[in-house]
Amino acid sequence: MEANFFERVYQVARQIPYGRVTSYGAIAKALGSGRSARMVGWAMNASHNLDDVPAHRVVNQKGILTGKHHFDGTNLMQQLLESEGIKVVDNQIVDFEKHFWKPEVANS
């Protein structure tokens, strides 16, 4: 079940548009597992060997870069976001609502 769940998380994460972000909880809700935000976080942490999963675009519900310590280098997550035009101050995305992307997944 867990590997399948992780792959479903990655399918959603791959859809996050350049210059946008979403939250662990929004991905969990899109997958019909609204209480699984923590598992989404585990999936993002496990995705660092997958170059096609933009884990840097997944943050917590308040726009805070809670997963930044899982990236190589101290500020890599912030640098990746800033390279896409997203301003980060004190580990928090500025104008989070403006950059937020709500994933929608059709039930299959």
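Quick note: structure is the one above.
> Please explain the packing of aromatic side chains as it appears in this structure.
Two aromatic rings, taken as a pair, are described by how far apart their centres are and by the angle between their planes. Applying the stated criterion across every chain yields a total of two aromatic pairs. Here Phe96 and Phe100 contribute two aromatic rings whose centre-to-centre distance is 5.5 Å and whose plane-to-plane angle is 70°, an arrangement assigned as edge-to-face. Residue Phe96 is classed as buried on the basis of its relative accessible area, which comes to 9%. With a relative accessible area of 25%, Phe100 lands in the partly exposed category.

> For this particular structure, what's the right way to read the environment of Ile86?
Secondary-structure assignment places Ile86 in the loop between α4 (76-83) and β3 (88-89). Taking the C-alpha atoms as reference, Ile86 lies 9.9 Å from Arg57; in sequence the two are 29 residues apart.

> Whenever I open this one, the layout of surface pockets confuses me. Can you help?
Regions of empty space are outlined by a rolling probe, equal in size to a water molecule, passed over the atoms. Considered as a void within the structure, the largest pocket measures approximately 270 Å³ in volume. In this structure, the largest pocket is lined by 13 residues; those nearest its centre are Ser23, Tyr24, Gly25, Ala37 and Gln61. Put simply, the parts of the chain that give the lining of the largest pocket at least two residues each are α2 (24-30) and α3 (37-45). Looking at the lining of the largest pocket, its residues break down into four nonpolar, seven polar and two charged. What the second largest pocket holds in volume is close to 210 Å³. Lining the second largest pocket are 13 residues; nearest its centre among them are His48, Leu50, Val53, Phe71 and Leu80. By residue class, the composition of the lining of the second largest pocket is seven nonpolar, four polar and two charged.

Criteria and thresholds
Residues numbered from 1 in each chain as written. Predicted model: local features only at pLDDT ≥ 70, side-chain atom pairs only at ≥ 80, totals over all residues. Heavy atoms only, no water. Phe/Tyr/Trp six-rings, centres within 6.5 Å; stacked < 30°, edge-to-face > 60°. Buried < 20%, exposed > 50% of the residue type's maximum accessible area, 1.4 Å probe, protein only. Helix = DSSP H or I, 4+ residues; strand = E, 2+ residues; numbered from the N terminus. 1 Å grid on protein atoms, 1.4 Å probe; cavity = no way out; pocket = protein on both sides within 12 Å on 5 of 7 lines; lining within 4 Å. Points joined across faces, edges and corners; volume = space filled by probe spheres on them. Nonpolar A, V, L, I, M, F, W, Y, C, P; charged D, E, K, R; others polar.

No statement about biological role is implied by the geometric values presented.
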